[in-house]
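Per-entry structural report
Read off the chains here:
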Amino acid sequence: MHELGVVFYVVKDVKKVAEENDVRHISAVTIELGEVSAVIPEYLVDCWNWARKKEPVMENAELRIEKMEAVSFCEDCKQEYPTIQYAKICPYCGSEHTFLLRGNEFNIKEIEVSDE
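Basis of the calculations
- Note on numbering: residues in each chain are counted from 1, in written sequence order.
- This being a predicted model, a pLDDT of at least 70 is required before a residue's local features are given, and a value of 80 or more before pairs of side-chain atoms are given or counted; all residues contribute to the totals for chains, interfaces and linings.
- Side-chain metrics rest on all non-hydrogen atoms present in the structure, leaving aside hydrogens and water.
- Whenever a carboxyl oxygen of Asp or Glu lies within 4 Å of a side-chain nitrogen of Lys or Arg, that contact is scored as a salt bridge.
- Labels follow the DSSP assignment, with helices taken as runs of H or I lasting at least four residues and strands as runs of E lasting at least two, numbered in each case from the N terminus.
- Each residue is placed in one exposure class: buried if its accessible area under a 1.4 Å probe, protein chains only, is under 20% of its type's maximum, exposed if it is over 50%, and partly exposed if it falls in between.
- Pairing between strands is defined by DSSP: at least two bridges between the two strands are required.
- For every element, the axis is a line fit to its C-alpha atoms; helices are fit only across the contacting stretch, and the angle between N-to-C directions ranges from 0 to 180 degrees.
- Contact between two residues is taken to exist if any of their heavy atoms lie within 4.5 Å; hydrogens are not considered.
- Under the counting rule used here, the positive set is Lys and Arg, the negative set is Asp and Glu, and His together with the chain ends is not counted.

Overall, the coordinates contain five salt bridges when judged by the stated rule. One salt bridge in this structure joins E62 and R64, with 3.3 Å as the shortest N-O distance. Across the salt bridge formed by E112 and R64, the nearest N and O atoms sit 2.8 Å from each other. Here E112, found in strand β6 (residues 106-113), pairs with R64, found in strand β2 (residues 62-68); they are 48 residues apart in sequence, far enough to count as distant. On the accessibility criterion, R64 (29% relative accessible area) is partly exposed.

Let us look at the sheet that holds β6. Sheet architecture is open: three strands sit in the order β2-β1-β6, paired in mixed fashion. Taken across any chain shown, the strands that pair with only one partner, and hence form the sheet edges, are β2 and β6. Sheet twist, expressed as the average angle between the axes of neighbouring strands with direction ignored, equals 20 degrees. Pairing of strand β1 (residues 26-34) with β6, which is carried by seven bridges, proceeds in the antiparallel orientation. When the bridges of β6 are listed, V29 appears paired with I111. In the packing of helix α1 (residues 3-20) onto the sheet, the strands contacted are β1 and β6, and the crossing angle to β6 comes to about 45 degrees. Along the sheet face, helix α2 (residues 41-51) touches β1, β2 and β6 and points at about 160 degrees away from the line of β2.

Within the secondary structure, E32 is located in strand β1. Despite its burial, E32 pairs with no opposite charge; the closest candidate is K109, at 4.6 Å N-O. When near neighbours in sequence (up to four residues on either side) are disregarded, E32 contacts E66, M68, E105, F106, N107 and K109.

Here it is, written out as structure tokens:
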């Protein structure tokens, strides 16, 4: 389960931002998660709920996940298409000369602070 390792990095980065900005309580963290990022959202939330309790600045922080669609690009016909539905084969021209444009991201998008 690599989700726990990912959560450790998120917690570390969020704590650093909180310290740099004299923040005492974080109420939520929003993550952008690509469809093909290899991170399972349910496991991520479980790990988050365990790890956040270890850090006073974020012990009540909610984890919000925004899923990002995976999109591929065909080099032959220059079209974009949904990766999950068609994988490596372009649905427009049948070419295998394709690559992933987006959808494997894992980004901290937003850190919400509370006044408590």
